[in-house]
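Okay, here's what each chain looks like letter by letter:
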Amino acid sequence: MPAEFPDFRLGNVLATSFTATLTERQGDAVERIPTPQRLVDWLAVNGLAVDSCTTAQLDLARELRESIHAAATAAASGEALPASAVRVINDRSAQGRAAAILTPEGRRRWRLGSASRVEDALSVIAADAVGVIAGERDGRLALCASPTCRAAFFDTSQSRTRRWCDMNTCGNRQKKARFHAKQRAGSR
């Protein structure tokens with residue numbers, strides 16, 4: 001992957017990993033799928049390889065991403081789901097052609113249609129979002145405690161008290177800031 005693009009943040013939950021293609025939403029936003037080819041790359045890394053992507057399909061993907069983020073944020077905050085976000089998620093879920101398949105290792109994978117389209121991949125992401133937001137998985141939606149991030153993530157930790165979307169980025173950044181603040185206070 002080209003070095004001029006920021007690395008993808010990959011997680012275990014497809015829908016929230018997809019929303020992490022835009023990070024630092026409350027600060028200097030970092031767009032991780034700025035081009036159609038970059039969306040193709042992200043989909044391939046997540047087992048949803050497609051043949052190509054147009055600018056219009058990238059726009060559909062970003063609309064879905066923001067709808068998932070809005071709905072997940074509302075769910076994590078105990079608020080009503082935005083009707084427009086629910087509509088987009090449902091529409092994308094219903095518009096694709098994908099089938100769940102069982103691997104020899106006993107895992108579920110998705111198989112897209114023979115002429116893999118972005119819409120087919122988006123339907124898988126939307127279906128995953130439905131399951132996560134509807135509470136069908138063991139875990140809880142939460143919001144990153146970083147004031148510049150505020151990403152929605154799915155907490156599957158045993159205690160369900162995880163604070164950061166990613167300990168290696170947001171969590172580490174916050175721990176460093178606290179450490180430096182204590183050092184500055186101690187040197188006075």
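Treat the numbers as computed from the prediction; the structure is a model and nothing was measured. (Residues numbered from 1 in each chain as written. Predicted model: local features only at pLDDT ≥ 70, side-chain atom pairs only at ≥ 80, totals over all residues. Heavy atoms only, no water.)

### As for the pairing of strand β4 (residues 108-112)
To be explicit about the condition: For two strands to be treated as a pair, DSSP must find no fewer than two bridges joining them. Helix and strand definitions follow DSSP, with helices as H or I runs of at least four residues and strands as E runs of at least two, each counted in order from the N terminus.
Here strand β3 (residues 98-102) runs beside β4; their pairing, made up of five bridges, is antiparallel. Residue pairing for β4: Ala100 is matched across the bridge by Trp110. As consecutive antiparallel partners, β3 and β4 are separated by five residues, and within that stretch Gly106 has a phi angle of approximately 85°, a positive value.

### Some remarks on the pairing of strand β6 (residues 152-155)
Our working definition: The rule is simple: take the accessible area with a 1.4 Å probe, protein chains only, and divide by the maximum for that residue type; under 20% is buried, over 50% is exposed, in between is partly exposed.
Side-chain alternation along β6 places Ala152 and Phe154 on one buried face and Phe153 and Asp155 on a second face that is also buried. Relative to β6, strand β5 (residues 140-143) runs antiparallel, the two being bridged by four bridges. From the neighbouring strand, Arg140 faces β6, where its bridge partner is Asp155.

### Re the nonpolar core
Generally speaking, soluble globular proteins have nonpolar side chains that are buried together. Inclusion rule: Buried Ala, Val, Leu, Ile, Met, Phe, Trp, Tyr and Cys residues that are joined via side-chain atoms within 4.5 Å together make up what is termed a nonpolar core. The contact criterion used throughout is that any non-hydrogen atoms of two residues lie within 4.5 Å.
Grouped together as the largest cluster of nonpolar side chains are 36 residues, with contacts concentrated most on Phe18, Leu39, Leu64 and Ile125. Where this core is concerned, the elements lending two or more residues are α1 (14-19), α2 (36-45), α3 (55-77), α4 (83-95), α5 (118-133), β5 and β6. Not counting residues within four places of it along the chain, the set of residues in contact with Phe18 comprises Ile33, Leu39, Trp42, Ala61, Leu64, Arg65, Ile68, Leu122 and Ile125. Within the second largest apolar cluster, eight residues are counted, among which are Cys149, Ala151, Cys165 and Cys170.

### Some thoughts on the side chain of Arg65
Mapped onto the elements of the fold, Arg65 is located in helix α3. Arg65 gets classed as buried once you look at its relative accessible area, which sits at 3%. If we skip the residues at most four places from it in the chain, Arg65 touches Phe18, Thr19, Thr21, Leu22, Arg25, Glu31 and Ile33.

### Re the confidence of the model for the chain
For the record, the criterion: You can read pLDDT as the predictor saying how much it trusts each residue, on a scale of 0 to 100.
Looking at the chain, the pLDDT average stands at 87 and 91% of residues meet or exceed 70. Averaged over each element, pLDDT in the chain is lowest for helix α6 (residues 167-186) (69) and highest for α3 (97).

### Some thoughts on the packing of aromatic side chains
We apply this condition: Working definition: a ring pair exists when centres of Phe, Tyr or Trp rings (six-membered ring for Trp) sit within 6.5 Å. Plane angles under 30 degrees give stacked, over 60 give edge-to-face, the rest tilted.
A complete count under the given rule lists one aromatic pair for this structure. Look at Phe18 and Trp42: their rings are 5.1 Å apart centre to centre, the planes differ by 50°, and that puts the pair in the tilted class. Placement of Phe18 in helix α1 and of Trp42 in helix α2 is noted, with a sequence separation of 24 residues between them. The exposure class of Phe18 is buried, given its relative accessible area of 0%.

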